[in-house]
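Summary of structural features
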Amino acid sequence: MHRIWAIIERDLRRFRRSPVLVVVSIIMPLVQLVVLGYAFGGKIKHLQVGVVDQDHGVPAIKLQEMFRAVAANARTFDTITYSDQASALHDLRNGKINGVLNIPPEFSRKVLAGASPRIGLMEDNTDQFAASALEGSVGAMLAPYNSPSVQPRMTAAATLSVVEIYPYVPYIQYLLPGTIVLAIFVSAMIGGGIIFIDDKARGLHEGYLVTPIRKFELILGFTFAGAAKAIIAGIVLITVGSIIAGIPDPLNPLRMMKMMLLVVATALALISMMFLIMVRVSDPLVPRAIFGMLNTVLYFPSGAVYPTESFPAWMKAIAVVDPFTYAVHGFKQLVLKNTGLMAISGDLLFLFVFTAIAMSLATLLFRRTL
């Protein structure tokens with residue numbers, strides 16, 4: 001055991017002398033959390049919508065008043081009045097407005113006759129997010145507009161009652177679990193990939209290879225040393241990141257202990273994976289070259305930024321074997337729901353089994369000759 005500890009001590013001492021690596025491995029995921037969390041998580045507001053009234057009847061005026069009331073309260077859109085449809089469509093195609101609400105002639109007559117009146121919404125669908133927000137707002141407005149002025153006491157119409165068992169989750173909170181895993185991965189990539197290959201290229205591993213230390217002890221020492229660095233990054237992210245994201249009771253001791261266990265499991269899995277990938281690599285440019293590819297292949301299919309249920313079959317196949325997937329799922333359970341260990345038992349089992357398999361394969365592939 002003292003031989004393994006010697007490897008860990010030497011690696012951590014060198015890591016302490018490189019504060020830039022510590023800063024990069026921690027600050028970069030925090031910056032990504034803040035930028036992506038607020039760039040993608042906000043509610044769309046102040047879309048520019050042109051209103052063309054070709055009817056001018058009382059029902060049409062009532063519809064316009066409701067439309068302006070929604071604009072003044074929800075602020076999803078701002079209204080601009082146009083006298084004709086052609087000029088409104090011209091501005092829509094030139095990007096000056098995001099949509100056009102058209103009230104056609106005889107709209108009021110059809111409303112009073114109960115003859116299925118229609119209004120038109122022409123939208124710039126090149127931006128699907130803005131178009132969906134606009135369509136949802138207009139659709140929600142029509143429900144009270146269509147309701148009768150005198151409500152019946154009883155109705156045969158089915159209604160939906162929505163019960164949310166958790167408070168509203170802003171996107172920055174939804175993104176936090178993936179950011180914690182990303183911080184651990186960056187530390188794993190540096191400590192378990194780049195530094196490992198740089199040492200090998202400089203001949204520093206020759207000192208290990210001439211000793212009677214066994215291959216498994218070498219891999220174990222490297223893994224524990226790299227995991228210690230990744231755990232530091234994980235601890236910073238689960239504390240600072242939770243505060244930045246506005247997680248309720250972010251420093252709850254019980255939740256912190258459960259998250260620490262998941263941080264350790266994630267760090268061991270990602271570090272052992274990096275050593276398995278790099279065990280036969282000698283070129284120091286390789287880990288730098290594949291960093292972006294690994295980040296893309298592992299991070300985005302994990303469900304960190306979007307639910308895995310929307311993925312095509314081939315991407316779901318990646319998610320099933322991706323350790324990021326189980327780490328992100330576990331952190332979502334603890335960060336967003338504050339569940340118990342039973343909810344993440346499957347994630348912990350996968351990560352520890354993955355660590356054992358990766359370390360065993362890395363030991364088999366490790367060569368004592370350079």
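Refer to the preceding data block for the structure.
Residues numbered from 1 in each chain as written. Predicted model: local features only at pLDDT ≥ 70, side-chain atom pairs only at ≥ 80, totals over all residues. Heavy atoms only, no water.

Nonpolar side chains collect at one region of the surface, where Leu-349, Val-353, Ile-357, Leu-361, Leu-364 and Leu-365 lie side by side and expose about 550 Å² of accessible area between them. One can find Val-353 in helix H14 (residues 345–365). (Patch = residues over 30% accessible without salt bridge, like charges linked within 9 Å, V, L, I, M, F, W, Y side chains within 5 Å. Areas by Shrake-Rupley, 256 points an atom, 1.4 Å probe, with all protein chains shown as cover. Salt bridge = Lys/Arg side-chain N within 4 Å of Asp/Glu carboxyl O. Helix = DSSP H or I, 4+ residues; strand = E, 2+ residues; numbered from the N terminus.)

Our next topic: the packing of helix H13 (residues 323–336) against H14. H14 packs onto H13 with a crossing angle of 145 degrees between their chain directions and a minimal axis gap of 9 Å. For H13 against H14, the interelement crossing comes out left-handed. For the pair formed by H13 and H14, the contact residues are Pro-323, Tyr-326, Ala-327, His-329 and Gly-330 on the first element and Asp-347, Phe-350, Leu-351 and Phe-354 on the second. Class assignment for the residues of the contact of H13 with H14 results in six nonpolar, two polar and one charged. (Axes fitted to C-alpha atoms, helices over the stretch in contact; angles between N-to-C directions. Left-handed = near helix turned anticlockwise from the far one by under 90°. Contact = heavy atoms within 4.5 Å. Nonpolar A, V, L, I, M, F, W, Y, C, P; charged D, E, K, R; others polar.)

A separate point is the nonpolar core. Residues Ile-180, Phe-185, Leu-270, Met-274 and Phe-331 are the most contacted members of the largest nonpolar core, which totals 58 residues. In this view, Phe-331 contacts Pro-177, Ile-180, Val-181, Ile-238, Met-259, Leu-262, Val-263, Thr-266 and Leu-336; residues no more than four positions away in its chain are not counted. Counting residues in each nonpolar core, the second largest holds 16 residues, with Val-51, Ala-60, Ala-71 and Ala-130 among its members. (Core = buried A, V, L, I, M, F, W, Y, C linked by side-chain atoms within 4.5 Å. Buried < 20%, exposed > 50% of the residue type's maximum accessible area, 1.4 Å probe, protein only.)

One non-glycine residue with positive phi stands out, namely Ser-116, at about 55 degrees. Here Ser-116 lies in the loop between helix H5 (107–113) and strand E4 (120–123). The residue Asn-338 is not glycine, and still its phi comes out positive at about 55 degrees. Mapped onto the fold, Asn-338 is located in the loop between H13 and H14. Assessed through its relative accessible area of 39%, Asn-338 is described here as partly exposed.

Moving on: the packing of aromatic side chains. One pass over the full model with this rule turns up seven aromatic pairs. A ring pair is formed by Phe-67 and Phe-77, whose centres lie 4.4 Å apart and whose planes are at 20 degrees; its orientation type is stacked. Here Phe-67, found in helix H3 (residues 58–73), pairs with Phe-77, found in strand E2 (residues 77–82); they are ten residues apart in sequence, far enough to count as distant. Given a relative accessible area of 0%, Phe-67 falls into the buried group. Since its relative accessible area comes to 0%, Phe-77 is described here as buried. Relative to Phe-300, the ring of Tyr-299 has its centre 5.2 Å away and its plane inclined at 80 degrees; by these criteria the two rings are edge-to-face. (Phe/Tyr/Trp six-rings, centres within 6.5 Å; stacked < 30°, edge-to-face > 60°.)

Sheet topology note: the strand E1 (residues 47–53)/E2 ladder contains six bridges and is parallel. Considered in E2, the bridge of Val-52 is made with Tyr-82. Note that the unit made of E1, H3 and E2 has a crossover that is right-handed. (Pairing = 2+ DSSP bridges. Right-handed = clockwise from strand over helix to strand, strands pointing away.)

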